[in-house]
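Coordinates in review
Listed here are the chains, written in short residue letters.
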Amino acid sequence: MPRRAELIGIAAILMATISLSVDIMLPALATIAADLGAVDNQRQWVVTALFIGLTIGQLIFGPLSDSTGRRPAIFVGIALFTLGSVLCATATSFSGLIAGRILQGIGAAGPRIVTVAIIRDRFAGPAMAQVMSIIMGIFILVPMLAPALGQGLLVVISWRALFALLPALCIAGGVWLFLRQPETLAAPRPFSARALITAAREVLTSPKPMAYTLAGAGCYGSMMGYVNSSQQLFQDLYGAGHLFAALFGLCAAFIAAATLINARLVLRFGMEGICIAAMTALLLWCAGFWALAAITGAAVPLWGFMLFNCVTLFLMGLTFGNFNAIALANLGHIAGLASAILASLTTALNLMIAAVIGLSFNMTAYPIAIGYTVCAVVSLTLMLWARRKD
């Protein structure tokens, strides 16, 4: 087995496939929409379609990894992701591009969900939360750099060539996994519909896993609503097109910092305590934002939105490494399937929340702020309910 630091490196590369697939394309959305005939907010489907595929793929690769092993499932996912990238790069219509993005998402689910199962095979509880926090900190570096990379590459290559570049990182992670990480599944279980239903019932009827999964979905979904709207927000509303990559990266840096700080705090203060404290602070922060907006009655300036967004994303980032670990803490015996079910549920809810926020974009920052506020209320309520159920 590779040591913890090397496993973190392997996992971060494989999981970064999704983030890179989203964020490197953001500066190209307007050009893609113009070239393929998409209008208004339809360009956001380039992001949304990937997560539709991810939702489907996670339900496939979780059971697959429990029956065939973790490594084969990841390699199949990499192959499908590569095929989807080729379809996107050669698309002649917007619907064809969306189909390729869905296939990309299905393939990306293999590295994404099975990597979490590998980590759960080797770690549990606060130790898993610490490892996941470090991985998420590295993972978030991709949103910091990807838009700038995409914006720079668009100067010399077309948006189609961006899709051709996407599989490179995923394949590199797969090769590293193949060479260094042995199989971690101790006892593969043949696929059984009855076993699948039994395991799904166990996952879906466990109060704490479900509460923290839904709380995480609220955080991720509201954040993805911001990501979906970010190109229009920064370039159309605030007219900061030349600064888009820098502004987006600065916001992402606050998430990265929070996840790394959480890795140091989690062993001392506990996963649940940090999550509840972070959501309480977020609710108060959102309340202050709305109070100021009501008093001034003015549109939110760019500096005001950046301040509000960076602090919000920092508070959310404190929770990202913990939600998964809490949800999977008592489900190690069905880690692959449990990861798949919980991740698919999270992603499906992400899609709905992000779509509502993104498609509500009205040339103001208020739909994003509303999403953050509702997230704080719902997530905090769910976590307090789960604590009473213990």
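Residues numbered from 1 in each chain as written. Predicted model: local features only at pLDDT ≥ 70, side-chain atom pairs only at ≥ 80, totals over all residues. Heavy atoms only, no water.

So, the overall build of the protein
In plain terms, the rule: Secondary structure counts use DSSP, requiring at least four H or I residues in a row for a helix and at least two E residues in a row for a strand, with both numbered from the N terminus. Radius of gyration: over C-alpha atoms. The globule rule applied is 2.2 Å multiplied by the number of residues raised to the 0.38 power.
Helix and strand counts for the protein stand at 14 helices and zero strands. When its helices and strands are written in sequence order, the protein yields α-α-α-α-α-α-α-α-α-α-α-α-α-α. Here the C-alpha radius of gyration of the protein, 20 Å, is about what a compact globule of 390 residues would show, namely 21 Å. Taken along the three principal axes of its C-alpha coordinates, the protein extends 60 × 50 × 35 Å.

Here we look at the packing of helix H11 (residues 271-296) against helix H12 (residues 302-328)
To keep it simple, the criterion reads: With axes taken as lines fitted to C-alpha atoms, and helix axes fitted only over the stretch in contact, angles between N-to-C directions fall between 0 and 180 degrees. The cut-offs work like this: below 35 degrees is roughly parallel, past 145 is roughly antiparallel, 65 to 115 is roughly perpendicular, and the gaps in between are oblique. Two helices cross in a left-handed way if the nearer one is turned anticlockwise from the farther one by less than a right angle. They cross in a right-handed way if the turn is clockwise. Here, residues are in contact when the closest pair of their heavy atoms is within 4.5 Å. Each residue gets one of three labels, nonpolar for Ala, Val, Leu, Ile, Met, Phe, Trp, Tyr, Cys and Pro, charged for Asp, Glu, Lys and Arg, and polar for the others, Gly among them.
Running from amino to carboxyl end, H11 crosses H12 at an angle of 155°, the nearest separation of the two axes being 9 Å. One way to sum up the angle between H11 and H12 is to call them roughly antiparallel. Note on packing geometry: the crossing formed by H11 with H12 is left-handed. Where H11 approaches H12, its residues Met271, Glu272, Ile274, Cys275, Ala278, Met279, Ala281, Leu282, Trp285, Cys286 and Phe289 are matched on the opposing element by Leu307, Phe308, Val311, Thr312, Leu315, Met316, Leu318, Thr319, Asn322, Phe323, Ala325 and Ile326. In the contact of H11 with H12, the residues fall into 19 nonpolar, three polar and one charged.

Comments concerning the packing of aromatic side chains
Aromatic ring pairs are reported here in terms of the distance separating the ring centres and the angle at which the planes meet. Threshold: Pairing of aromatic side chains here covers Phe, Tyr and the six-membered ring of Trp, requires ring centres within 6.5 Å, and sorts the geometry by plane angle: under 30 degrees stacked, over 60 edge-to-face, intermediate tilted. Each residue gets one of three labels from its accessible area relative to the maximum for its type: buried under 20%, exposed over 50%, partly exposed in between, using a 1.4 Å probe on protein chains only.
As enumerated under the stated definition, the model contains 16 aromatic pairs in all. Residues tyrosine 220 and phenylalanine 320 carry aromatic rings whose centres are separated by 4.8 Å and whose planes lie at 45° to one another, so their mutual orientation is tilted. Here tyrosine 220 is found in helix H9 (residues 207-237), whereas its partner phenylalanine 320 is found in helix H12, with 100 residues between them in sequence. Residue phenylalanine 320 is classed as buried on the basis of its relative accessible area of 3%. Members of the aromatic cluster, connected to one another through ring pairs, are Tyr226, Phe234, Tyr238, Phe244, Phe248 and Phe305.

Quick look at the packing of helix H5 (residues 94-122) against helix H7 (residues 159-180)
Running from N to C, H5 and H7 point in directions that differ by 20°, and their axes come no closer than 13 Å. If you check the angle between H5 and H7, you find them roughly parallel. Here the hand of the crossing between H5 and H7 comes out left-handed. Touching Leu97, Arg101, Gln104, Pro111 and Ile118 of H5 are Trp159, Phe163, Leu166, Cys170 and Leu177, all from H7. When the residues that make up the contact of H5 with H7 are grouped by side-chain class, the tally is eight nonpolar, one polar and one charged.

Looking at the environment of alanine 217
Looking at the secondary structure, you find alanine 217 in helix H9. A relative accessible area of 1% means that alanine 217 is categorised as buried. Taking the C-alpha atoms as reference points, alanine 217 and phenylalanine 323, separated by 106 residues in sequence, lie 9.5 Å from one another. Excluding residues that lie within four positions of it along the chain, alanine 217 makes contacts with Thr346, Leu349, Asn350 and Ile353.

What to know about helix H2 (residues 29-36)
What counts, and what does not: Each C-beta atom gives one direction from the helix axis, and the arc is the one those directions make.
Every buried residue of H2 is accounted for by Leu29, Ile32, Ala33 and Leu36. Looking down the long axis of H2, one finds its buried residues gathered within 100° of arc, a one-sided arrangement. In H2, the exposed positions that point more than 90 degrees away from the buried face belong to Ala34 and Asp35.

By themselves, these are just geometric observations and shouldn't be taken as functional.
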